[in-house]
Amino acid sequence: MNTSEFIYKSSEKNIENLTVAWQTPSNIALVKYWGKSEPQIPKNASISFTLNNCNTKTKIEFSKTNTLQSPEFELYFEGKKKDDFKPKINKFFERIKEYCPYILEYKMVIHSENSFPHSSGIASSASGMAAIAMCLMNLEKELNPSLTDAYINQKASFLARLGSGSASRSIEGPLVVWGEHPKITGSSDLYGVKFPFNVHTVFEDYCDTILLVDKGEKQVSSTVGHNLMHDHPYAENRFKQANDNLEKLSEILQNGDIKSFISLVESEALTLHAMMLTSNPYFILMKPNTLEIINEIWEYRKETNSNVCFTLDAGANVHLLYPQNEKETIENFIKETLSKYCQKNHYICDNVGFGAQKI
Ligand code: PMV
C-alpha cells in the first residue's frame with residue numbers, strides 16, 4: 001500500500017496567515033461499510049450517494065507559529081466553543097500530521113456548523129472530517145500551487161478517511177466508491193473514487209428524505225460496532241456479500257433497473273443491522289418506529305407499485321430513497337402516513353449532490 005505520495009514534503013511559498021472555508025456533504029451508503037482494520041482500512045468496498053442539503057460548513061484560520069510539538073487549535077461549533085469535540089479532532093490531527101506536517105507550523109481556529117439540526121441523529125463525522133480535510137488541502141495548495149485538483153480531492157479523501165471511514169466518500173459526488181474492488185476501476189482502500197461508469201438518468205437526481213425517528217445520541221458508537229466485527233461469526237460471509245452486492249449494484253446503476261435497486265439496497269440496510277443483532281455483545285439501534293416505517297413502505301409499495309425504498313445507517317432514522325418523478329406523491333405519503341412516526345414530525349428532504357464546495 002503506497003501512502004508516501006500523500007506525504008507533504010516542501011513549501012514553495014511562505015504563508016503567514018490564511019483563512020479558508022469549505023462546505024462538504026453528508027453521504028448515505030447503499031452498500032455498507034461495517035468492519036475495518038488499522039489504519040481505517042475497510043473490510044469490504046462500499047458505495048454511497050453524496051447528499052446535497054445535509055452538509056457541514058467549516059472555516060479554519062491558520063496563523064504561522066514556531067514549530068509545535070503537537071497540533072494546536074481552538075474549536076467553535078455553531079458559534080460556541082466546543083471543547084468536548086476536541087479529543088476526536090485532536091486524534092484526527094495526530095493521525096494525519098505525518099502527511100500534513102505543516103499543521104505543526106500553524107495555530108488553527110476552527111469554526112464549524114451543520115445544515116441539519118444538531119442532535120438530529122444524523123452523523124456529522126463524515127461531512128465534518130471531510131470539511132477539515134478540504135480546508136487543510138486548501139492551505140496545502142497555497143503552499144504548493146502546482147497541486148492538481150485531482151490530487152487535492154484524492155488526498156482530501158485519504159485524510160478524511162483517517163478521521164472517519166465514511167468521510168472518504170464525502171469529498172466528491174454523486175456516487176462514490178471506497179474500498180478496493182476488482183470491478184471498479186481505480187478503487188482503493190485508501191480513498192474514495194467517483195463511480196467510474198455512466199449512471200442511468202433515473203439515479204442522477206435521486207431523492208433522499210431522512211425520517212428523524214430518534215434524534216438522541218446513539219447507544220453504541222460506530223467505532224464500537226466496527227470493532228465487534230473482528231470476532232463476528234458471520235463477518236467473512238458479510239464482507240464477501242458486500243463486495244458481490246457492489247458488483248451487482250454497479251450494473252443496476254448503469255442499466256436503471258429500479259426494482260433490483262430496491263431489493264439490493266433494502267437487503268444491505270437490514271444486513272447491516274443484522275450484524276449488530278448478532279454481535280457479541282449484541283445491540284439494537286432500530287426503534288419501534290423504524291419498523292413501523294419499514295412496514296408502511298412495504299404496504300405502500302404493494303398498493304401503489306411505487307419505487308420508494310428505504311435504507312438505514314447506524315441508527316434509528318430511516319432514509320427514504322425514490323426517483324425524482326415520484327417526488328410529489330412520496331411527499332404526500334410522508335406527510336399523511338410516515339411523519340407521525342418521526343420525533344416531532346421532523347424529516348429532512350434531500351437529494352443527490354456533487355461534493356465539496358469552497359465558500
Ligand atoms: O464512518 P463510520 O466509522 O462512522 O462508519 C459508518 C458506517 C455506516 O454509516 C453504518 C455505513 C457506511 O458505509 O456509511
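Just so we're clear, the structure is a prediction, and the values are computed from it rather than from any experiment. (Residues numbered from 1 in each chain as written. Predicted model: local features only at pLDDT ≥ 70, side-chain atom pairs only at ≥ 80, totals over all residues. Heavy atoms only, no water.)

Caption draft 1: Geometry of the layout of surface pockets. What the second largest pocket holds in volume is close to 210 Å³. Taken together, 15 residues make up the lining of the second largest pocket; nearest its centre are W22, M134, D149, I152 and N153. (1 Å grid on protein atoms, 1.4 Å probe; cavity = no way out; pocket = protein on both sides within 12 Å on 5 of 7 lines; lining within 4 Å. Points joined across faces, edges and corners; volume = space filled by probe spheres on them.)

Caption draft 2: Broad picture of unusual backbone geometry. A cis geometry characterises the amide bond from G173 onward to P174, with omega recorded as 0 degrees. The topology assignment puts P174 in the loop between helix 3 (149–163) and strand 8 (175–178). Of note, the phi angle at E78 is positive, near 50 degrees, even though the residue is not glycine. Secondary-structure assignment places E78 in the loop between strand 5 (72–77) and strand 6 (80–81). E78 gets classed as partly exposed once you look at its relative accessible area, which sits at 35%. Even without glycine at this site, N345 takes up a positive phi of about 60 degrees. On the secondary structure map, N345 appears in the loop between helix 9 (327–338) and strand 13 (347–351). For N345, a relative accessible area of 46% translates into the label partly exposed. (Helix = DSSP H or I, 4+ residues; strand = E, 2+ residues; numbered from the N terminus. Buried < 20%, exposed > 50% of the residue type's maximum accessible area, 1.4 Å probe, protein only.)

Caption draft 3: Structural detail: the site of the ligand. As a matter of local geometry, the ligand sits amid A29, K32, Y33, W34, S164, G165, S166, R169, S222, H226, L272 and A314. One of the backbone N or O atoms of G165 is found 3.5 Å from an oxygen atom in the ligand. Of the residues in the shell around the ligand, the class split is 5 nonpolar, 5 polar and 2 charged. When residues are assigned to domains, the shell around the ligand turns out to be shared by domain 1 (7–198) and domain 2 (202–351), each giving three or more. (Near = heavy atom within 4 Å. Polar contact = N/O pair within 3.5 Å; in protein donor to acceptor, adjacent residues only side chain to side chain. Nonpolar A, V, L, I, M, F, W, Y, C, P; charged D, E, K, R; others polar. Domains from an automatic or database assignment.)

Caption draft 4: The packing of helix 1 (residues 86–96) against helix 3, seen in detail. For the pair helix 1 and helix 3, interaxial distance at closest approach is 8 Å and the crossing angle is 130 degrees. Taken together, helix 1 and helix 3 sit at an angle that is classed as oblique. Between helix 1 and helix 3 the crossing geometry is right-handed. For the pair formed by helix 1 and helix 3, the contact residues are F92, R95 and I96 on the first element and L159, A160, L162 and G163 on the second. Each residue belonging to the contact of helix 1 with helix 3 can be placed in one class, and the counts come to 5 nonpolar, 1 polar and 1 charged. (Axes fitted to C-alpha atoms, helices over the stretch in contact; angles between N-to-C directions. Parallel < 35°, antiparallel > 145°, perpendicular 65-115°, else oblique. Left-handed = near helix turned anticlockwise from the far one by under 90°. Contact = heavy atoms within 4.5 Å.)

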